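Residues per chain, in single letters:
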Amino acid sequence: LVIFPDETSMLFDCNVTNDNEDDILKYLEQQIPFRWDEETEELAQWIDIFVNSHRDDDHYRGLSKVHTRFPVKSIWDSGQTGATTQTDEYQYYMRLRRSLREKYGEDAVIVPNPSKNSLTTIGGAYVYCLNSSLDYSDQVRSLTFAKFRELVENNTIKEGKIQHTSSIVLSINYQGR
């Protein structure tokens, strides 16, 4: 869990099990700031960005429990199909991605592009993508998932890397640290 200076919240992977569920949800409740939610017109807690390093169950297990308590507003996805595509957890993750795109638009699910340039700036912190399923580029910072799928279908880019070598790796630089 990363809370940026402007209170933007980013959760990088989750692995919520029956054994750790109470502890994880309690921790998130204590750390995620309350902010004014324009949709509900009340103070609420949510996750602005869920980063899924790669699509294996142990990296999004329990996301349904997290999302129920702390709604996820966007997903950064590696763009690589996982090895466990038939599980309930995988199916939930894919449904959540679709529902976020329907609710917030195509930019709600992106595939970051590795680059020397920052992917984005959040609260004065520069976020760099060091690795994903995409090749290194300084021209494109991210692709919507729809654009990523289109490029795969047109064989412009290949979905050839395995999920572990295609994991999202981020670097966050804030005030020189």
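Treat the numbers as computed from the prediction; the structure is a model and nothing was measured.

What counts, and at which threshold
- Residues numbered from 1 in each chain as written.
- Predicted model: local features only at pLDDT ≥ 70, side-chain atom pairs only at ≥ 80, totals over all residues.
- Heavy atoms only, no water.
- Helix = DSSP H or I, 4+ residues; strand = E, 2+ residues; numbered from the N terminus.
- Rg over C-alpha atoms; globule rule 2.2 N^0.38 Å.
- Buried < 20%, exposed > 50% of the residue type's maximum accessible area, 1.4 Å probe, protein only.
- Contact = heavy atoms within 4.5 Å.
- Polar contact = N/O pair within 3.5 Å; in protein donor to acceptor, adjacent residues only side chain to side chain.
- Pairing = 2+ DSSP bridges.
- Axes fitted to C-alpha atoms, helices over the stretch in contact; angles between N-to-C directions.
- Core = buried A, V, L, I, M, F, W, Y, C linked by side-chain atoms within 4.5 Å.

1. Observations concerning the overall build of the chain
So, point 1. Looking only at helices and strands, the chain features 4 helices and 13 strands.
So, point 2. Over its C-alpha atoms the chain spans a radius of gyration of 16 Å, differing by no more than 12% from the 16 Å that the globule rule assigns to 177 residues.
So, point 3. Each principal axis of the C-alpha distribution contributes one length, and for the chain these read about 45 × 40 × 30 Å.
So, point 4. Counting the 177 residues in the chain, one finds 46% classified as buried.
So, point 5. Of all intrachain contacts in the chain linking residues separated by at least 6 positions in sequence, the fraction that spans at least 24 positions is 69%.

2. Brief notes about the side chain of Arg35
So, point 1. Within the secondary structure, Arg35 is located in strand β4 (residues 35-37).
So, point 2. Side chain to side chain, Arg35 and Asp48 meet in a polar contact 2.8 Å long.
So, point 3. Those residues within four positions of Arg35 in sequence are excluded, and the remaining contacts are Glu7, Thr8, Ser9, Glu42, Leu43, Ala44, Trp46 and Asp48.

3. A look at the environment of His67
So, point 1. Relative to the helices and strands, His67 is located in helix α2 (residues 63-69).
So, point 2. Linking His67 and Glu106, residues 39 residues apart in sequence, is a C-alpha distance of 19 Å.
So, point 3. In contact with His67, not counting residues within four places along its chain, are Val72, Tyr92 and Leu96.

4. Quick look at the environment of Gln45
So, point 1. Its location among the elements puts Gln45 in the loop between β5 (42-44) and β6 (49-52).
So, point 2. Residue classification places Gln45 among the buried residues on the basis of a relative accessible area of 3%.
So, point 3. When near neighbours in sequence (up to four residues on either side) are disregarded, Gln45 contacts Leu28, Glu29, Ile32, Pro33, Phe34, Arg69, Phe70 and Pro71.
So, point 4. From its side chain, Gln45 meets the backbone oxygen of Ile32 in a polar contact 2.6 Å long.
So, point 5. Here Arg69 takes part through its side chain, which lies 2.9 Å from a polar atom of the side chain of Gln45.

5. Some words on the sheet that holds strand β11 (residues 125-131)
So, point 1. Read from one edge of the open sheet, 3 strands run β10-β11-β13, paired in antiparallel fashion. Bordering the open sheet on either side are β10 (120-122) and β13 (169-173), each of which pairs with just one other strand. Here the average twist between neighbouring strands, direction ignored, is 30 degrees.
So, point 2. Note: β10 against β11, 3 bridges, orientation antiparallel. Among the inter-strand pairings, Ile122 is bridged to a residue of β11, identified as Ala125.

6. Examining the nonpolar core
So, point 1. Ranked by internal contacts, the top residues of the largest apolar core, which has 22 residues, are Phe50, Leu63, Val66 and Ile75.
So, point 2. Elements that contribute at least two residues to this core include exactly α1 (21-31), α2 and α3 (88-104).
So, point 3. When residues in this core are grouped by element, the largest group, 6 residues, is from α3.
So, point 4. What Leu63 contacts, discounting residues up to four positions off in sequence, is Cys14, Phe50, Val72, Glu89, Tyr92, Tyr93 and Leu96.
So, point 5. Of all hydrophobic cores here, the second largest spans 13 residues; its members include Phe4, Ala125, Cys129 and Ile168.

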